[in-house]
Structures are given as C-alpha cells and as structure tokens.
Amino acid sequence: MSGKADPRTAGERTTSRARLDRGRGALGPALELVHTGRAPTRAVLTAELGVTRATAGAVAAELEALGLIRVDARPGAAAGSQGRPSHRLEVAEDGPVALAAQVHADGFRAALVGLGGGIVATAPGCETVDADPAKVLGSVVEAGAELLRTTGRRCVGAGLAVPSAVAEPEGLALNPLHLAWPVGAPVRRIFAECVRAAGITAGPAFAGNDVNLAALAEHRHGAGRGARDLLCVATGHRGVGGALVLDGRLHTGSSGLALEVGHLTVNPEGRPCHCGSRGCLDVEADPLALLVEAGREPGPEVSLLQQANDLLRTQYDDPAVRTAAEALIDRLGLGLAGLVNILNPDRIILGGLHRTLLDADPARLRAVVADRSLWGQSGGVPILPCTLDHNSLVGAAELAWQPVLDDPLAALR
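None of these values were measured; they are calculated from a predicted model.

Engineer: What is the right way to read helix H15 (residues 391-406) from this model?
Structural biologist: Because each turn of an α-helix spans 3.6 residues, side chains separated by three or four positions in sequence point in the same direction. Spanning 16 residues, H15 covers 22 Å between terminal C-alpha atoms, matching the ideal 22 Å at 1.5 Å per step. Along H15, the sharpest kink reaches roughly 40°, centred on Ala400 and followed within four residues by the proline Pro403. With 14 of its 16 residues buried, H15 lies for the most part within the structure.

Printed below as a string of structure tokens:
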C-alpha cells in the first residue's frame, strides 16, 4: 500500500476549498434564501446568488455541514419534466432553534422556533402577568429552558416580544400600557440576564414590539412575502399596533418608536385614550371596544381577544354585533386610509381582531380605505389577513436568527 496521497483526490479537495472560500460571503445570503423559502433548489440558489453551480454546491454543502439545511441530492423528477432535477434544499428538521418568548396582557408563552419559521415546541401559556417584569421574564425563560432540555436542541439565541414600544438602543419598554410594569422597564437587559442565568445559550438576546415582530415574521414566512413596502396593523389582546417593513427590514425610526398607529385619532368625540388624546384606534378598534360597542360584558374566562373573535364568528347575525363590527370597521378603515396616504405601502396585512373584522366584511373595509385615500382612488392597495399562527413568537425568533443569517460561521463557531 502506497503512502502517497492520490493527487486527484487532493486536487479535488483544493478545488472544493477554493470554491467555498469564494462563496463564503454568500453563506448568509444563501441561508436567508432557504430560510424564507425563496431557494427551494440548488438551481434557484445558483441563480439568486449569481454564482457558478459549483460554488453554489460548495455553499450548500457547508450550510449542511453546519447542521442548518438539508440537501437532497436525489430528488424525484416532476411528472413530464425533462433533464436531471436539481438538488432540493430544505431547512434541517433537527437543526438548531431559537428561544422565542412573548408577553401580552393576558399571559405569556415560550416556544422553540427553527429555521424557516417553524415552531418546534411550545410551553403551556401562563395567564397571569406579574407586575415585576423580572419575575415574568424569569418564568418564561425557565419554560423555554425546559423545552430545550426536553428536545435536546442547540439554541442560537433568544428573542422577546412585548406589547410596548421598545426604545433603542437601551431596549426599554416605554409604554407597557396594558401591563402593570413600570414605564421604561429595561426589558432587554432583564431578558438577557435571565437567559444567561438559565445557561441555555451563548448567543445574543433581543427584545422588540410584538406587532413589529409579527410583521417581520409575516414578511418572511406569511402573508407579507414578496411585498416591498409592507404595512401591518393588528390588535393584540388589548390596544392596536402597527409596523412597516421596507425592503425586508423593519422600519423602527430613529429610536425604535416608529409606527405607533394606535394613537391615530379616528373618532374625535370618542373614548379617552391612555396617551391623553381621545378617540384613538387603540381604544376605538380593539377587542374591548368591540365588546362594549356590542353591549357585551367582558368575562374573565378567556382573553378579551378570544371573546371578541368568538362574538364575530358566532353571533355576527345579531344586529347589535353587526352594528358594532361596522363601527369598528369604519374606524379601522379611516386609520388605514390615513396611513396609506402617508406611507404608500404596496400591501396591508391585518392581525388579531382586525383579521376577523376583515373576514366578516372585506368589501366594507376595502371600500372605506379606497374612498378615503388617494392611493385607493388610483387603484387600491391589497388588504390581506395575516396567515401565521403565533406570528409575534415567530418574529421574536427572527431577531435571534438574524446573526446566524448574517454570518453563519461566526454565529455558530
């Protein structure tokens, strides 16, 4: 047996390394293409990256070696197709996960979210939110730690969604209006400390507004795919929030406080708002507003959001419910029309109770927006329902996945 290396094999290894070196800067873009479903095959990946097929193959192989994607080298050809089918690319089903946490007025929940936006596991939700954010965030992180222990998954980082504007760069919850938390609570620092104390990841911890994160998730994996300027408006369990995604990135303004759409006035003689004004979307088009408008007494059994959604879905023929729904639709449409005039989005997506209002009477809502906006009068803007379950949780995970999407090798080293 000769001790000499096969020169052909050594040459192939050198060539493969050279291709990977050339494509190393493409690892992040390639992973994002697979993550968002825009590169289902190696042929599409090659075209999207603008590299050679060999370089795309080396990049895909490296991402597979990192445990992030799976390359199917023997895909079945579609019926009637000609030629050799391209390798299929999918996120690794058993790959790493991000810890996602969400806190809202009616409770909190933890989940593990993989690449592709798929929820791998969720912990049972808690319905009591303590006035001390450290206690709440400690509990939700511990629930996430238990999920990681149970599944044995590697965690790349953690993200938190809260029902408040989150000021940057400090990560402060400036207006947790429907929680008993202090104004300006340093939620990102507290969350990061809880994550470190639990020992569940060496990766970074992030925090953001829940509707911002819902919009980010929908843009990458749901109803917002393909939109360039995406406007998202949604009710949480209380109040109304908004978000704008421009060219794939959240528009958060100079300090993280952009798109506080809940404080647009849509009924000048309406209810007093927490912000000091009157008749804001926040108090005129949220679940509590619908229940009050319909003459229903909110109960303690389930969340206000579920009560409002159930009322619309099961009792819409009741004249009082229909009248209340129409009033909220008109107010929501007025607010959306103002936003369309200012932002000129190419798509609007609605979540929470607003999605249910759209389902109940889409023609009425679209007519109000069209009648009150210049864009509407010149052709209209698509208004669609959000499609992801737990989109704020998925969006929180997107924050944690972003460093991996930016530079897989550095993030996973």
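On we go from here.
Engineer: Quick question: what am I supposed to make of the domain arrangement of the protein here?
Structural biologist: How big an interface is tends to be reported as the loss of accessible area on association of its parts. Taken domain by domain, the protein consists of domain 1 (24-74 + 86-92), domain 2 (97-212 + 391-412) and domain 3 (223-385). Its C-alpha centre places domain 2 at a distance of 26 Å from the equivalent point of domain 3. Every contact between the two is made by 15 residues of domain 2 and, on the other side, 20 residues of domain 3. Across the interface of domain 2 and domain 3, roughly 1,400 Å² is buried in total on both sides, 58% from carbon and sulfur atoms. Interface area lost by domain 2 to domain 3 is led by His178, Val211 and Asn212, which between them contribute 43%. Across the contact surface, domain 2 and domain 3 share zero salt bridges. Applying the counting criterion to the domain 2 and domain 3 interface returns two residue pairs in polar contact (both at pLDDT 80 or more). Listing elements by their share of the side of domain 2 that touches domain 3, those giving two or more residues are strand S7 (166-167), helix H7 (210-221) and H15.

Engineer: Quick question: what am I supposed to make of the pattern of salt bridges here?
Structural biologist: It is possible for side chains of opposite charge to pair when their charged atoms get near one another. Taken as a whole, this structure holds 17 salt bridges when the rule is applied. Arg296 is the partner of Asp318 in a salt bridge, and the nearest nitrogen-oxygen pair spans 3.2 Å. Of this pair, Asp318 sits in the loop between helix H10 (304-314) and helix H11 (319-343) while Arg296 sits in the loop between helix H9 (287-293) and H10, and the two are 22 residues apart along the sequence. Relative accessible area serves as the criterion here: at 24%, Arg296 is assigned to the partly exposed category. Residue Arg364 pairs with Glu326 through a salt bridge whose shortest N-O separation is 3.8 Å. One end of the pair, Arg364, is in helix H13 (residues 362-372); the other, Glu326, is in helix H11, with 38 residues separating them in the sequence. Accessibility expressed as a relative area gives 29% for Arg364, which makes it partly exposed. Linked through salt bridges whose partners overlap, the residues forming this network are Arg271, Glu284, Glu293 and Arg331.

Engineer: For this particular structure, what's the right way to read the environment of Arg38?
Structural biologist: With respect to the helices and strands, Arg38 occurs in the loop between helix H2 (27-35) and helix H3 (42-49). Judged by relative accessible area, which is 44%, Arg38 ranks as partly exposed. For the pair Arg38 and Gly226, spaced 188 residues apart in sequence, the C-alpha to C-alpha distance is 9.8 Å. Setting aside its immediate chain neighbours within four residues, Arg38 contacts Glu32, Leu33, Val44 and Glu48. A distance of 2.8 Å separates polar atoms of two side chains, one belonging to Arg38 and the other to Thr36.

Engineer: Help me understand the sheet that holds strand S5 (residues 119-122), please; the structure alone is not making it clear to me.
Structural biologist: Working definition: the strands of a sheet are paired by backbone hydrogen bonds and lie parallel or antiparallel to each other. The five strands lie next to each other as S5-S4-S3-S6-S9, forming an open sheet whose pairing is mixed. Since the sheet does not close on itself, it has two edges, and those belong to S5 and strand S9 (205-209), each with one partner. Pairs of neighbouring strands in the sheet enclose a mean axial angle of 25°, with direction left out of account. The pairing of strand S3 (residues 97-104) with strand S6 (residues 155-162) spans five bridges and is parallel. Within S6, the residue paired with Ala100 across the bridge is Gly159. The strands touched by H15 are S3, strand S4 (107-114), S5, S6 and S9; relative to S3, the strand with the most contacts, the crossing angle is about 140°.

Scoring rules and cut-offs
Residues numbered from 1 in each chain as written. Predicted model: local features only at pLDDT ≥ 70, side-chain atom pairs only at ≥ 80, totals over all residues. Heavy atoms only, no water. Helix = DSSP H or I, 4+ residues; strand = E, 2+ residues; numbered from the N terminus. Expected span 1.5 Å × (residues − 1). Bend = angle between axes of the 7 residues up to and from the residue. Buried < 20%, exposed > 50% of the residue type's maximum accessible area, 1.4 Å probe, protein only. Domains from an automatic or database assignment. Contact = heavy atoms within 4.5 Å. Buried area = accessible area lost by both parts, 1.4 Å probe. Salt bridge = Lys/Arg side-chain N within 4 Å of Asp/Glu carboxyl O. Polar contact = N/O pair within 3.5 Å; in protein donor to acceptor, adjacent residues only side chain to side chain. Pairing = 2+ DSSP bridges. Axes fitted to C-alpha atoms, helices over the stretch in contact; angles between N-to-C directions.

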